[in-house]
Amino acid sequence: MTSSSRTLLPDLDLRPGRPPILRADVAGDTAGWAGAHRDALRAVVAGHGSLLVRGLGLSDPDTTADVFRRLATGLMPDRESFAPRRTYTEGVYSSSKWPPNQPMCMHHELSYALEFPGLMLFACLDAPAEGGATAVADSVAVLDALPGDLTERFAREGWLLTRTYNDEIGATLAEAFGTEDRAAVDRYCRAHAIETAWQSDGSLHTRQRRAAVVRHPATGAYCWFNQIAFLNEWTMDPEVREYLVDVYGPDGLPFNTRYGNGDPIGEDVVRRINEVYDAHTAREPWRSGDLMLVDNIRTAHSREPFEGTREVLAALADPVRLTDSTPTTEVRTA
């Protein structure tokens, strides 16, 4: 343990039901403080899965971007996103645009991609009047708490994500792939083990099979690492689901998930997964100026419904290849 880590530990709040909280009360050079304490902050995240730093007074995108870069090994672009984001500067985004009255259920960022962030960085510049917490859940504990027959099947088969890209719902082609050029999108998808099917109306349907359980590259622990429940049709608000099925058909939903062999996932299974997440959720309401670091493999995160304005910046950091996390399901690229 470094002397910097020992200095921080007395101020670390580890009460149950909340993420670890560090009260820093920094005045002046926030980015300099982050850089000086980088190793200590990351050591807390390695030990606990997440960390909320309170008292930094983050209030503008430029300073926040500087803090993110001081803490990360490297920032990565947001590709294959399921919802649009605003880009503040290279590698620094808004949180995903999602209806404020709808939750973003527990998930691991880009767990359906072949390369995903090992670390998520969040900063709250403007806290909402009510709700809107970025809650977290330990994926090792979630894996252990889920029914064994269910996790064994997903570990063996993986999970299948189906998506429909158009200009009306969800992320557009340009938002997800950085281009609208069909040939460029096809090249990307071939390289990333994504099946494509262009429709007569110009929309794109894709399918990608991914591992549902991986081993943490640093600890070797098995983690429930996916977006099986969040992106499934049964997690949608029933009225929203009914509307989308009526307009686009059951195969035209913006996203849906299945077992790795293509079988549909029952509503009872999705409900059970979300119940286990709920039982393992730790939350702390945002305050303006807060910073949060999340181990994206060990720890799932969510966004709770909120009222009022909410400005939370995000960065996808420290990219990890799926093959580096010993997935229990093999994924092959073309």
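Summarised in this report is the structure supplied together with it. Being a predicted model, the structure only gives us computed values, none of them experimental.

Observations regarding the overall build of the chain
Okay, so step 1: The helix and strand inventory of the chain stands at 10 helices and 20 strands.
Okay, so step 2: Taken against the 2.2 N^0.38 rule, which gives 20 Å for 334 residues, the C-alpha radius of gyration of the chain at 19 Å falls within 12% of a compact globule.
Okay, so step 3: The principal-axis extent of the C-alpha atoms belonging to the chain is close to 60 × 40 × 40 Å.
Okay, so step 4: Buried residues in the chain amount to 54% of all 334 residues.
Okay, so step 5: Pairs at least 24 apart in sequence give 80% of the contacts found in the chain among residues at least 6 apart.
Okay, so step 6: Here the chain holds 34 positive side-chain charges and 48 negative ones, and the gap between their average locations is 4 Å.

Observations concerning the sheet that holds strand E1 (residues 12-13)
Okay, so step 1: Here we have eight strands laid out as an open sheet, ordered E1-E2-E3-E17-E7-E20-E5-E4, and mixed in their pairing. Edge positions in the sheet fall to E1 and strand E4 (87-89), since each has one partner strand and no second.
Okay, so step 2: The strands that helix H3 (residues 38-48) touches are E1, strand E2 (21-23), strand E3 (50-54), strand E7 (115-126), strand E17 (291-295) and strand E20 (311-321); relative to E3, the one it contacts most, it runs at about 140 degrees.
Okay, so step 3: In the packing of helix H4 (residues 61-71) onto the sheet, contacts are made with E4, strand E5 (92-94), E7, E17 and E20, and the angle to E7 comes to roughly 145 degrees.

Quick notes on the nonpolar core
Okay, so step 1: With 65 residues, the main nonpolar core has Phe82, Phe154, Trp224 and Ile273 as its most contacted residues.
Okay, so step 2: A total of five residues in this core trace back to one element, the largest contributor, which is helix H10 (residues 267-279).
Okay, so step 3: Residues Ala24, Val53, Ala72 and Leu313 belong to the second largest nonpolar core, which totals 29 residues.

Things to note about a negative patch on the surface
Okay, so step 1: Together, Asp167, Glu168, Glu175, Glu180 and Asp201 make up a region of like negative charge exposed at the surface.
Okay, so step 2: Within the fold, Asp167 resides in the loop between strand E10 (159-165) and helix H7 (173-177).
Okay, so step 3: Residue Asp167 is classed as exposed on the basis of its relative accessible area, which comes to 67%.

Quick word on the sheet that holds strand E9 (residues 136-138)
Okay, so step 1: In spatial order, the strands read E6-E18-E9-E16; together these four strands make up an open sheet with antiparallel pairing. The sheet is open, and its two edges are formed by strand E6 (104-107) and strand E16 (281-282), each paired on a single side.
Okay, so step 2: Bridge count between E9 and strand E18 (residues 299-303): three bridges; the pairing is antiparallel. When the sheet's bridge partners are listed, Ala137 is paired in E18 with Ala300.

Things to note about the environment of His107
Okay, so step 1: In this structure, His107 sits in strand E6.
Okay, so step 2: Here His107 falls in the buried class, since its relative accessible area comes to 1%.
Okay, so step 3: Taking the C-alpha atoms as reference, His107 lies 15 Å from Ala279; in sequence the two are 172 residues apart.
Okay, so step 4: Among residues more than four places away in sequence, those in contact with His107 are Asn226, Gln227, Phe230, Ala300 and His301.

Parameters at a glance
- Residues numbered from 1 in each chain as written.
- Predicted model: local features only at pLDDT ≥ 70, side-chain atom pairs only at ≥ 80, totals over all residues.
- Heavy atoms only, no water.
- Helix = DSSP H or I, 4+ residues; strand = E, 2+ residues; numbered from the N terminus.
- Rg over C-alpha atoms; globule rule 2.2 N^0.38 Å.
- Buried < 20%, exposed > 50% of the residue type's maximum accessible area, 1.4 Å probe, protein only.
- Contact = heavy atoms within 4.5 Å.
- Lys, Arg positive; Asp, Glu negative; His and termini not counted.
- Charge placed at Lys NZ, Arg CZ, Asp CG, Glu CD.
- Pairing = 2+ DSSP bridges.
- Axes fitted to C-alpha atoms, helices over the stretch in contact; angles between N-to-C directions.
- Core = buried A, V, L, I, M, F, W, Y, C linked by side-chain atoms within 4.5 Å.
- Patch = residues over 30% accessible without salt bridge, like charges linked within 9 Å, V, L, I, M, F, W, Y side chains within 5 Å.
- Areas by Shrake-Rupley, 256 points an atom, 1.4 Å probe, with all protein chains shown as cover.
- Salt bridge = Lys/Arg side-chain N within 4 Å of Asp/Glu carboxyl O.

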